[in-house]
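# A look at the structure
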Amino acid sequence: MKVVAYHRVSSEQQHLDRGIKTINDFCKKEGIKLYKNKVYTDKCSGKEFDNRLTYQIIKNEVLEPGDILLISELDRLGRTKEATLKELRYFKQNNIRLMVIELPTTCIDMNAYDNNLCSLMLDTINNILIEIYASLSEAEMIKRATRQRQGIDAMKAKGEEEWSRYGRPRVLDQAKFEEGYKEVLAGNIKPTQLMRELKLHKSTYYRYKKVADRKYQNTKN
């Protein structure tokens, strides 16, 4: 069994020292010997696990069933609830114990118990962590969806032009369309010709036209 320590900060400007000291102090107090006597580190965002070179190395090349991954805080593992939940499930499925210093129940000394009781306790702890993160993940997704819907409704309430910025990605800049549309208004070209030149579908053309007409109407008023 190996105890592999890992610490992460979000950017190059942040320092790893505090987290490394927390882990080393804990290991000294508990008499834990770290694998290769080191703390593996990353300076990378907590949103994406795949972009962390060191983390991927210890996950795929160092950790084995029965090993322990030691971290100082759960958000050092990841900040995105859905992604962290996925990692927690991976550890459980691969019989890798996660010890989080800020969560004392994950750091229980299993040597004081028989194997059957150890397995039961670890399984219970893992299940609790997974259930908590599953609940947090679901709550976070619901909150995000609600905020997104509120934002969309607010944009729609402001009118077609504001909504088009969000819900309908522009094929080209409105100003460029209006430049060609002036030729249509002047009778120099037909709408179908402008559609071909700007490579616009009919529905898209009329969406741009509606915004332009509203502008021209406001100018006249």
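Residue numbering note: each chain is counted from 1, following its sequence as written. With pLDDT at 70 or above as the cut-off, local features in this predicted model cover only qualifying residues; side-chain atom pairs require 80 or more to be listed or tallied, and sums for whole chains, interfaces and linings still use all residues. The side-chain quantities take in all heavy atoms of the structure and omit both hydrogens and water.

### Comments concerning the packing of helix 7 (residues 174–185) against helix 8 (residues 191–198)
Where helix 7 meets helix 8, the closest approach of the two axes is 9 Å, and the angle between their N-to-C directions is 150 degrees. When the axis of helix 7 is compared with that of helix 8, the two are roughly antiparallel. The handedness of the crossing between helix 7 and helix 8 comes out as right-handed. In this structure, helix 7 uses Lys176, Phe177, Gly180, Tyr181 and Val184 to contact helix 8, whose residues at the interface are Pro191, Leu194 and Leu198. Nonpolar residues are Ala, Val, Leu, Ile, Met, Phe, Trp, Tyr, Cys and Pro. Charged residues are Asp, Glu, Lys and Arg, and all others, Gly as well, are polar. Classifying every residue of the contact of helix 7 with helix 8 by side-chain character gives 6 nonpolar, 1 polar and 1 charged. Here the axes come from fitting lines to C-alpha atoms, over the contacting stretch only for helices, and the angles between their N-to-C directions go from 0 to 180 degrees. To qualify as a helix, a DSSP run of H or I must reach at least 4 residues; to qualify as a strand, a run of E must reach at least 2; elements of each kind are numbered from the N terminus. Angles below 35 degrees are treated as roughly parallel, those above 145 as roughly antiparallel, those between 65 and 115 as roughly perpendicular, and all remaining angles as oblique. For a crossing to be left-handed, the near helix must be turned anticlockwise from the far one by less than a right angle; the clockwise case is right-handed. Note on contacts: a residue pair is in contact if any heavy atoms of the two residues lie within 4.5 Å.

### Some details on the pattern of salt bridges
Salt bridge criterion: a side-chain nitrogen from Lys or Arg within 4 Å of a carboxyl oxygen from Asp or Glu. Scanning the entire structure with this criterion turns up 7 salt bridges. The partner of Lys2 in a salt bridge is Glu64, with the nearest N and O atoms 2.8 Å apart. In this pair, Lys2 is assigned in the segment before strand 1 (3–9) and Glu64 in the loop between helix 2 (53–62) and strand 3 (68–71), connecting sequence segments 62 residues apart. Note on exposure labels: buried denotes an accessible area under 20% of the residue type's maximum, exposed denotes more than 50%, and partly exposed covers the range between, all computed with a 1.4 Å probe on protein chains only. The exposure class of Lys2 is buried, given its relative accessible area of 16%. Salt bridges sharing partners connect three or more residues here, namely Lys2, Glu64 and Asp67.

### Regarding the environment of Met99
When you line up the elements, Met99 lands in strand 4 (residues 97–100). With 95 residues separating them along the chain, Met99 and Val4 place their C-alpha atoms 9.9 Å apart. Met99 has contacts with Phe26, Ile32, Ile68, Leu69, Leu70, Ile71, Thr106 and Cys107, leaving out every residue within four places of it along the chain.

### Here's the deal with helix 8
Along an α-helix, residues three or four apart share an orientation, since each turn contains 3.6 residues. Inspection of helix 8 places Leu194, Met195 and Leu198 among the buried residues, and these make up the whole buried set. Projection of helix 8 onto a plane perpendicular to its axis shows the buried side chains occupying an angular sector of 105 degrees, all on one side. Positioned one or two residues after helix 8, Lys199 has a phi angle of 55 degrees, which is positive. The arc in question is traced by the directions running from the helix axis to the C-beta atoms.

### A look at unusual backbone geometry
In this structure, Asn95 is a non-glycine residue whose phi angle is positive, near 55 degrees. A relative accessible area of 52% means that Asn95 is categorised as exposed. At Lys199, a position not held by glycine, the phi torsion is positive, near 55 degrees. A residue is classified by how much of its surface remains accessible, and Lys199, at 71% relative accessible area, is exposed.

Read these as layout, nothing more, since geometry by itself doesn't imply function.
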